[in-house]
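Structural overview for review
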Amino acid sequence: MTANSEAGLQYDRIRAVEWEEGRIKLIDQHLLPARLEYLYLGTLDHCAQAIRDMAVRGAPAIGITAAYAVVLGARDCYIENPRDWTEAIEADLEHLAHARPTAVNLRWAVERMRAVIRAGIPGNPVPRLLAEARAIHAEDIAANRRMGELGAALIAVGSGVLTHCNTGSLATGGFGTALGVVRAGYAQQRIGRVFADETRPWLQGARLTAWELVQERIPVTLIADGAAAWLMKQNQVQWVIVGADRIVANGDTANKIGTYMTALVARQHGVKFMVVAPTSTVDMATPDGDAIPIETRAEGEVFEFGGARVAPEGARAWNPVFDVTPAELIDAIVTEKGVVEQPTRAKMTALMTSNS
Ligand code: MRU
């Protein structure tokens, strides 16, 4: 086995976000798996809209899109006002950073781009900002590959795994977080079977994770979210592997709604629970999970299934789209800087202050 095949790089062909000839090219994730079509966005405002509408989604992919969006915003502000463009762009940066509230990568990426602007860019800001956005993108892919290696190493040969939501190339710069571990683990034959929760209501698991794995020829078995406990009861999975939208200072982790329930069920059945996320998803300024803002989306997402209404008129719906898994239910947090087992505030601090 070569180093590349062991790392699973043969299963890395999809890119959700690209910079192409002065525009952002996004896979339109509303249309998958029926159609693979691209959106071409030329303004910061259109990017904020695409993030809000979830044409692009997944915490790292949102951050990368936002970084490229800042390039577009700076270009337009500079053309309009070459002397005072750095002040003019401030309101746009805030607008972009608030497009979705839970995934901290969005604000992280905007802050990193803002720091470059504040450091001073002589003349046309596009080349410098584009270099920074490209660096954010490249670092994310490198982090995912590293996490793939670190996460796969925790898994015994021939294991079954369950994943939730979509955490793959569609949700990141490429390769994926939890799905990066699945790619690497499958390449190394540590993972024998992959189960994916369908992930109601938006169906990221059924529509996106299953599509990605089918594209890569990694066998996948979909389950209804409510089947996870019964799957574990049959000893079919040894690990649950998920991504994160925000990991806070004590290790509590916000991720797609249903993650908390899956973690509770995993603990009950002796199944290990792994969270895989780059350090751009770690928010040490938020003390614990109670302080994480949880996005609530429109009722319509719950009333419908695949675009068809399934609930009667007159019913109401509650649609929080993330939940928080307490640190004590997590066996391992895998980042590109290293693995934290049984996370605590002290261990998270040690990880984030280490130089590795
Ligand atoms: O609402 P979404 O689809 O943006 O939610 C995505 C998730 O919850 C992912 O698990 C998380 O962002 C990690 S993606 C690598």
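Quick notes on the rules
Positions within a chain are numbered from 1, following the residues in the order the chain's sequence is written. Where local features are concerned, this predicted model is filtered to residues with pLDDT of at least 70; where side-chain atom pairs are given and counted, the filter is 80 or more; whole-chain, interface and lining totals use all residues. The side-chain values count all of the structure's non-hydrogen atoms but skip hydrogen atoms and water molecules. Aromatic rings from Phe, Tyr and Trp, taking only the six-membered ring of Trp, are treated as a pair when their centres fall within 6.5 Å; an angle between ring planes under 30 degrees marks them as stacked, one over 60 as edge-to-face, and anything in between as tilted. We count a charge as sitting over a ring when the NZ of a lysine or the CZ of an arginine lies within 6 Å of the ring centre and within 35 degrees of the ring normal. We call a residue near a molecule or strand as soon as one heavy atom of that residue lies within 4 Å of the molecule or strand. Residues adjacent in sequence count toward polar contacts only when both atoms are side-chain atoms; beyond that, a polar contact is any pair of N or O atoms within 3.5 Å, and within protein one must be able to donate a hydrogen and the other to accept it. Note on areas: Shrake-Rupley with a 1.4 Å probe; residue coverage comes only from the protein chains shown. A 1.4 Å probe that fits but cannot get out identifies a cavity on a 1 Å grid over protein atoms alone, an open set with protein on both sides within 12 Å along at least five of seven lines counts as a pocket, and a residue lines either if it has an atom within 4 Å of a point. Grid points are joined across faces, edges and corners, and a volume is the space filled by probe spheres set on the points. Runs of E in the DSSP output that reach at least two residues are strands. Runs of H or I that reach at least four are helices, and both are numbered from the N terminus. Throughout, the ten residues Ala, Val, Leu, Ile, Met, Phe, Trp, Tyr, Cys and Pro are labelled nonpolar, Asp, Glu, Lys and Arg are labelled charged, and all others, Gly among them, are labelled polar. Lines fitted to C-alpha atoms define the axes here, with helix axes fitted over just the stretch in contact, and angles between the N-to-C directions of these axes take values from 0 to 180 degrees. What sets the label is the angle itself: under 35 degrees gives roughly parallel, over 145 gives roughly antiparallel, 65 to 115 gives roughly perpendicular, and the rest give oblique. Crossing handedness is read from the near helix: turned anticlockwise from the far helix by less than a right angle, it gives a left-handed crossing, and turned clockwise, a right-handed one. By the convention used here, residues are in contact when the closest approach between their heavy atoms is within 4.5 Å. Strands pair, by our definition, only if DSSP identifies at least two bridges between them.

Comments concerning the packing of aromatic side chains
Geometry of an aromatic ring pair is reported as the spacing of the ring centres plus the angle between the planes. Scanning the entire structure with this criterion turns up one aromatic pair. One Lys or Arg, Lys25, reaches over the ring of Tyr38 and ends 4.4 Å from the middle of that ring. Note that Arg207 overlies the ring of Trp202, its terminal NZ or CZ placed 4.5 Å from the centroid.

Let's talk about the site of the ligand
Around the ligand, the structure places 18 residues, and the nearest of them are Arg57, Ala59, Asp245, Asn255 and Lys256. Interatomic distance of 2.8 Å between a side-chain N/O atom of Arg57 and an oxygen atom of the ligand. The backbone of Ala59 places a nitrogen or oxygen atom 2.8 Å from an oxygen atom of the ligand. When isolated, the ligand has an accessible area of 410 Å², and the protein chains bury 100% of it.

Here we look at empty space enclosed by the protein
Counted under the stated rule, the structure contains two cavities of 30 Å³ or more. Taken as a whole, the largest cavity spans an internal volume of roughly 170 Å³. If you trace the largest cavity, you find 20 residues lining it, with Arg57, Gly58, Ala59, Asn166 and Asp245 closest to the centre. Where the lining of the largest cavity is concerned, the elements lending two or more residues are helix H3 (59–80) and strand S9 (253–256). Classifying every residue of the lining of the largest cavity gives eight nonpolar, eight polar and four charged. Looking at the second largest cavity, its volume works out to about 50 Å³. Looking at the second largest cavity, the residues that line it are Met54, Arg100, Thr199, Arg200, Pro201, Trp202, Gln204, Lys256, Ile257, Arg297, Glu301 and Val321. Across the lining of the second largest cavity, the residue classes tally to five nonpolar, two polar and five charged.

Regarding the packing of helix H5 (residues 90–97) against helix H6 (residues 104–119)
In the contact formed by H5 and H6, the axes pass within 9 Å of each other and the chain directions differ by 165°. By the angle class used here, H5 and H6 are roughly antiparallel. Pair H5 / H6 crosses with right-handed handedness. Residues Glu90, Leu93, Glu94, Leu96 and Ala97 of H5 form the contact with H6, whose participating residues are Leu106, Arg107, Val110, Arg114, Ile117 and Arg118. By residue class, the composition of the contact of H5 with H6 is six nonpolar, no polar and five charged.

Re the sheet that holds strand S2 (residues 23–27)
On the basis of which strands lie adjacent, the open sheet formed by three strands has the order S1-S2-S3 and antiparallel pairing. Strands with a single pairing partner mark the edges of an open sheet, and in this sheet they are strand S1 (17–20) and strand S3 (38–41). When strand polarity is set aside, the average angle formed by the axes of neighbouring strands in this sheet is 25°. Here four bridges tie S2 to S3, and the two strands are oriented antiparallel to one another. Bridge assignment links Ile24 to a residue of S3, and that residue is Leu41.

Taken by themselves, the reported measurements are silent on function.
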